[in-house]
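Here is how the chains run, residue by residue.
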Amino acid sequence: MKYHHALVPLLLAVALVACRSGGAAGSHAASLDQEVQLAPKEQAVFDPHGLTVQFVRVVEDSRCPTDVTCVWAGEVKVQLSTRIDAAAADQHEITAGQHGTVGDFQLFVVKVEPERISTREISADEYRVTLKVAHSR
């Protein structure tokens, strides 16, 4: 019987971790006009505006590596999934430094990290996108 009592706290801890990872993991509360950084498959929720933005993936990364001199700086384009309230999700491809329109909002792709270097490839899960959302004016 002593052994059973010792297992209860351990089992409770395992159950709490399992519940936490199965819920809204990868979801960040966000505010308009504030930058938010997302990893692939993570989403920012802009309450009470009803807007959710998910970073799906990097579509294209032709940026010049930081350790090389290039004639053209290149660009990086990301795919974002957006949803307003209960509407169906929309897909957007936006180049870093540019913006897209989502309903009454402007969605800015501020930057994409990490920077490229010539000696190694960036795996899809290493990317991070920094976004900023504002009301359209």
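Look up: the structure comes first, before these words.
Summary of the structure given here. (Residues numbered from 1 in each chain as written. Predicted model: local features only at pLDDT ≥ 70, side-chain atom pairs only at ≥ 80, totals over all residues. Heavy atoms only, no water.)

**Observations concerning the state of the cysteines**
Okay, so step 1: In this structure the tally under the stated criterion is one disulfide.
Okay, so step 2: The residue that forms a disulfide with Cys 64 is Cys 70, at a sulfur-sulfur distance of 1.9 Å. With the S-S bond torsion at 80°, the cross-link from Cys 64 to Cys 70 turns out right-handed.
Okay, so step 3: The class of Cys 64 is buried, set by a relative accessible area of 17%. (Disulfide = S-S within 2.5 Å. Buried < 20%, exposed > 50% of the residue type's maximum accessible area, 1.4 Å probe, protein only.)

**What about the sheet that holds strand β6 (residues 90-95)?**
Okay, so step 1: Strand order in the open sheet formed by five strands is β1-β3-β4-β5-β6, and the pairing between neighbours is mixed. Of all the strands in the sheet, just β1 (27-29) and β6 have a single pairing partner and so form its edges. The mean inter-strand angle of the sheet, taken between neighbouring strand axes irrespective of direction, is 30°.
Okay, so step 2: In this structure, strand β5 (residues 76-84) lies alongside β6, joined through six bridges in antiparallel fashion. Bridge pairing in β6 links Lys 77 to Thr 95. (Pairing = 2+ DSSP bridges. Helix = DSSP H or I, 4+ residues; strand = E, 2+ residues; numbered from the N terminus. Axes fitted to C-alpha atoms, helices over the stretch in contact; angles between N-to-C directions.)

**Remarks on the pairing of strand β7 (residues 99-102)**
Okay, so step 1: Of the two faces of β7, only the one carrying Gly 100 and Val 102 is buried; His 99 and Thr 101 on the other face are not.
Okay, so step 2: Sheet topology places β7 next to strand β8 (residues 105-113); four bridges connect them, and they run antiparallel. Bridge pairing links Val 102 to Phe 105 in β8.
Okay, so step 3: The antiparallel hairpin formed by β7 and β8 contains two residues in its connecting segment, where Gly 103 sits at a positive phi of about 60°.

**Quick word on the nonpolar core**
Okay, so step 1: Formed by 24 residues in total, the largest nonpolar core has its most connected members in Phe 46, Leu 80 and Leu 131.
Okay, so step 2: Taken together, the elements giving at least two residues each to this core come down to β2 (35-38), β3 (43-46), β4 (51-61), β5, β8 and β9 (128-135). (Core = buried A, V, L, I, M, F, W, Y, C linked by side-chain atoms within 4.5 Å.)

**A few points about the environment of Thr 119**
Okay, so step 1: The topology assignment puts Thr 119 in the loop between β8 and β9.
Okay, so step 2: Separated by 54 residues in the primary sequence, Thr 119 and Pro 65 have C-alpha atoms spaced 8.9 Å apart.

**Quick notes on the sheet that holds β2**
Okay, so step 1: Taken in spatial order, the four strands line up as β2-β9-β8-β7 in an open sheet, and their pairing is antiparallel. A strand with exactly one partner marks an edge of an open sheet, and here the two such strands are β2 and β7. Sheet twist, expressed as the average angle between the axes of neighbouring strands with direction ignored, equals 30°.
Okay, so step 2: Pairing analysis gives eight bridges linking β8 to β9, with the strands arranged antiparallel.

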